[in-house]
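Chain by chain, the residues:
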Amino acid sequence: MIRFALFGAGRAGRIHARNIARHPRAELVCVCDVDRPAAERVAGEHGARAASDPAAVWRAESIDAVLIASSTDTHVELLRKALGAGKAAYCEKPIDFDLPRVRAVVAEAAATDVPVAVGFRRRALPEYREIRRRIREGEVGAVEVVHLVSRDYRPPSPEYVAVSGGFLRDKTIHYFDLIPWVVGERPAEVYATGSCLVEPWIGEAGDIDTTMVVLRMPSGALCHIDNGRRAVYGFDERVEVFGARGMLRSEPPSVSNVARFGEAGIRHERYPDLYGEESFAGLLDAFILALERGEPPAPSLAEGLQAQLIAEAAVESLRRNRPVAVEY
Ligand SMILES: NC(=O)c1ccc[n+]([C@@H]2O[C@H](COP(=O)([O-])OP(=O)(O)OC[C@H]3O[C@@H](n4cnc5c(N)ncnc54)[C@H](O)[C@@H]3O)[C@@H](O)[C@H]2O)c1
C-alpha cells in the first residue's frame, strides 16, 4: 500500500484525490492546500485528513509519496522538500516556468535515489503505448511523418489562462513530451505559428488558442501538431504515424459505435473526454507500479525539462515567426 499526501485541492488535485482513493494499492492519507477549506472539502470526500501546513507532511512517517498538484509556482519548493524527506513524488506538469529553477531541481533529484515522475499523462493511454511499441518493432519502418490533432472541448477560464504560461507551455507541451516518446527521437528544430480564433479575450490576454507546430527530427522526420482550445463536437484527439512501410493511426474515443439515422440525418454522439479520466488514473497506476517494483517512474524529471525546452523553442518561434533550434 502506497500512502499519499496530496498537495493542491484544485481542479487537478480533485481528480488525483479521487484516483488515489479509488486505487486498490494506494491510500490518501492527507490533503494539503494553503486554502484550508478546499483541503478540508477534498479530504472529507475521501476520509483523509486536511492540512494547510506542508511541514506536517514532511515529518509524517505514515506518508510514502506525495502528489504535487498545487499551483505551478509551488512545484519546485515542494519537490525539494520531498527529495530532502526521501518521499517519492509525482509532480504535475510543468515543473516550473523558470528554466534555471527547473534545471537546478532536476540536478538535485539526479543526485538522490528518490523516485520522481512528471504528469504527462498521455503516455498512459493504451493507443499511444501500442503505437510506440509497434514503431519499435518496425511495423511502419522508419517514421517519416506524424500528424497529431488535439482539440479541447471548450477553453478554460480567464483566471486559468492568465497563469497558464500560454497555450504552448500549458497544453501543446503534452505533445512535446508525447511525440519524442512515441517516435524515439527528440526534435532538433521547431516552427510554431498560432492565432486567436476561439475567444477574443484569449488574444487580449496576449495568448493564442489555435496553433500549428512542426517539429523537425534529426532523422528528417516531420511531426505536425494541430492543437486548439475548442471543438463543438467534444474533445478530439488523434494521431497518425506514417512510415516507409505503412501507417498507424489512433482514433478519438466515442460514446458508442452506434449512429442514429433519422429524418434530420445521421447523428453520432459527441466525443466525451474519456482521455482525461483514463489518462490521469493510468499514469498514477504506472507511478504506483514503478514504486512497488523499485523501478524509476516515468516520465522522468529530465524528460519534464526536455518537454519544457521544446515548448520554449516553440514560444520563441511563434514570437520570431521562424524555425528555432531546440537547445537541450
Ligand atoms: N496533467 C494535466 O493534464 C493537468 C491538467 C490540469 C492542471 N495541471 C497542472 O496541475 C497544477 C494545478 O492546476 P489546477 O488547474 O488544479 O490549479 P487550481 O488553481 O485549480 O488549483 C491549485 C491549488 O493549489 C493550491 N495551492 C497553492 N499553493 C499551494 C501550496 N504551497 N501548497 C498546497 N497547495 C497550494 C491552491 O490553493 C489551489 O487550491 C498546475 O501545475 C497545472 O499545470 C495538469
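Sequence order as written defines residue numbering, which begins from 1 separately in each chain. With pLDDT at 70 or above as the cut-off, local features in this predicted model cover only qualifying residues; side-chain atom pairs require 80 or more to be listed or tallied, and sums for whole chains, interfaces and linings still use all residues. Hydrogens are left out, water is left out, and the side-chain values use all remaining heavy atoms of the structure.

Asks: I would appreciate a short explanation of the nonpolar core in the present structure.
Replies: One recurring pattern in soluble globular proteins: nonpolar side chains tend to sit buried together. In plain words, nonpolar cores are sets of buried Ala, Val, Leu, Ile, Met, Phe, Trp, Tyr and Cys residues tied together by side-chain atoms within 4.5 Å. Summary of the burial criterion: residues with accessible area below 20% of their type's maximum are buried, those above 50% are exposed, and those between are partly exposed, where the area comes from a 1.4 Å probe applied to protein chains only. Val-57, Val-66, Leu-79, Phe-176, Ile-179 and Leu-215 are the most contacted members of the largest nonpolar core, which totals 69 residues. A domain split of this core shows at least three residues from each of domain 1 (2-114) and domain 2 (122-325). When checking whether two residues touch, look at their non-hydrogen atoms; a contact exists if any pair is within 4.5 Å. The contact partners of Phe-176, leaving out residues within four places of it in the chain, are Leu-168, Val-213, Leu-215, Ile-225, Ala-307, Ile-310, Ala-311 and Ala-314. Counting 26 residues, the second-largest nonpolar core is a separate cluster that includes Ile-2, Ala-17, Ala-88 and Ile-288. Boundaries between domains were set according to an automatic or database domain assignment.

Asks: Looking at this structure, I do not really get helix H5 (residues 99-110). What am I missing?
Replies: Residue pairs spaced three or four apart in an α-helix point in one direction, given the helix's 3.6 residues per turn. In this model H5 runs 16 Å from its N-terminal to its C-terminal C-alpha over 12 residues, within 8% of the 16 Å that 1.5 Å per residue would give. Secondary structure counts use DSSP, requiring at least four H or I residues in a row for a helix and at least two E residues in a row for a strand, with both numbered from the N terminus. Within H5 the residues assigned to the buried category are Leu-99, Val-102, Val-105, Val-106 and Ala-109. Taken around the axis of H5, the buried residues stretch over an arc of 125 degrees, which confines them to a single face. The elements touched by buried residues of H5 are helix H4 (75-85) and helix H11 (301-320). Expected helix span is given by 1.5 Å per residue-to-residue step, counting one fewer step than there are residues. Here the arc refers to the set of directions running from the helix axis out to each C-beta atom.

Asks: For this particular structure, what's the right way to read the site of the ligand?
Replies: Here a residue counts as near a molecule or strand whenever at least one of its heavy atoms sits within 4 Å of it. Near the ligand there are 22 residues, and of these Ala-12, Asp-33, Thr-72, Lys-93 and Arg-121 occur at the shortest range. Any pair of nitrogen or oxygen atoms within 3.5 Å is treated as a polar contact; in protein, a donor-acceptor pairing is required on top of that, and neighbouring residues in sequence qualify only through side-chain atoms on both sides. One nitrogen or oxygen atom from the main chain of Ser-71 is found 3.5 Å from an oxygen atom belonging to the ligand. Within the side chain of Arg-121, one N or O atom sits 2.6 Å away from an oxygen atom of the ligand. Only the protein chains shown count as cover for residues, with accessible areas throughout obtained via the Shrake-Rupley method and a probe of 1.4 Å. Considering the ligand on its own, with 850 Å² of exposed area, one finds that the protein chains cover 81% of that surface. Charged residues are taken to be Asp, Glu, Lys and Arg, nonpolar residues to be Ala, Val, Leu, Ile, Met, Phe, Trp, Tyr, Cys and Pro, and polar residues to be all remaining types, Gly included. When the residues that make up the shell around the ligand are grouped by side-chain class, the tally is seven nonpolar, nine polar and six charged.

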